Amino acid sequence: TTTDNVGYLNIDHPGLTRYAISCNNTDTGTSSQIAIRFNRGASYTQVGTITTTNAATNYGSGSDYRLKENIKPMANALDVVEKLKPVTFNWKIDGSNSQGFIAHELQEIFPEAVSGEKDAVDENGNPQYQCVDSSFLVATLTAAIKEQQILIQSLTNRISQLEK
């Protein structure tokens with residue numbers, strides 16, 4: 001069903017009351033914002049957004065502490081980063097240079113960062129390509145940098161002691 005209420009649009013999937021997409025446009029006179037919110041579950045919990053302002057677009061995944069439990073500091077991030085296989089490549093469509101990951105290889109390490117299945121095709125044999133959301137790597141890369149800083153500081157202290 002679709003309802004339009006003064007710049008606000010709700011889209012519920014027919015027969016599936018647990019999913020909803022809503023879009024609203026607000027204009028305060030000095031700035032305008034369009035927000036698309038993705039909700040899921042019986043209580044329509046917001047799980048993601050796409051928001052725009054006059055100057056930028058933000059793609060957000062639910063990250064509020066109230067959505068989480070069993071929160072602990074990440075450990076052994078350097079071990080995970082060592083398994084990553086970043087590549088450079090050219091896009092077949094136009095030959096342009098780029099960098100990133102091969103989706104199915106990343107899926108082995110970060111399944112939550114990859115959508116789709118390797119070599120999937122639709123009912124007509126057309127490729128159904130995998131996609132990567134590299135934002136899932138940010139926390140691990142940040143933790144790895146912090147682990148490196150601890151190692152660097154430890155080695156710097158050891159060198160200082162040896163030089164004395």
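Residues numbered from 1 in each chain as written. Predicted model: local features only at pLDDT ≥ 70, side-chain atom pairs only at ≥ 80, totals over all residues. Heavy atoms only, no water.

## Overview of the overall build of the chain
Okay, step 1: Across its full length, the chain carries 3 helices and 10 strands.
Okay, step 2: The N-to-C order of helical and strand elements in the chain reads β-β-β-β-β-β-α-β-β-α-β-β-α.
Okay, step 3: Residue burial in the chain is summarised as follows: out of 164 residues, 13% are buried.
Okay, step 4: On the chain, roughly 12900 Å² of surface is accessible, and the fraction owed to carbon and sulfur atoms is 54%. (Helix = DSSP H or I, 4+ residues; strand = E, 2+ residues; numbered from the N terminus. Buried < 20%, exposed > 50% of the residue type's maximum accessible area, 1.4 Å probe, protein only. Areas by Shrake-Rupley, 256 points an atom, 1.4 Å probe, with all protein chains shown as cover.)

## Here's the deal with the pairing of strand 7 (residues 87-90)
Okay, step 1: In terms of strand pairing, strand 7 meets strand 8 (residues 97-100) through 4 bridges, oriented antiparallel. Looking at strand 8, one finds that Asn90 is bridged to Asn97.
Okay, step 2: Hairpin geometry of strand 7 and strand 8 is characterised by an intervening segment of 6 residues between the two adjacent antiparallel strands and by a positive phi of about 75° at Gly95. (Pairing = 2+ DSSP bridges.)

## Some thoughts on the pattern of salt bridges
A side chain of one charge can pair with a side chain of the opposite charge if their charged atoms are brought near each other.
Okay, step 1: Applying the stated rule across the entire model yields 2 salt bridges.
Okay, step 2: Put simply, Asp64 and Arg66 hold a salt bridge, and the shortest N to O gap is 2.8 Å.
Okay, step 3: When its relative accessible area of 29% is taken as the criterion, Asp64 is described as partly exposed.
Okay, step 4: In this structure, Asp119 and Lys118 form a salt bridge, with 3.2 Å as the shortest nitrogen-oxygen distance.
Okay, step 5: Accessibility expressed as a relative area gives 65% for Asp119, which makes it exposed. (Salt bridge = Lys/Arg side-chain N within 4 Å of Asp/Glu carboxyl O.)

## Some thoughts on the pairing of strand 5 (residues 45-52)
Okay, step 1: Summarising the sheet, strand 5 and strand 6 (residues 57-61) pair through 5 bridges and their orientation is antiparallel. Pairing of Thr51 across the sheet is with Asn58, part of strand 6.
Okay, step 2: Hairpin connection, strand 5 to strand 6: the antiparallel pair is bridged by 4 residues.

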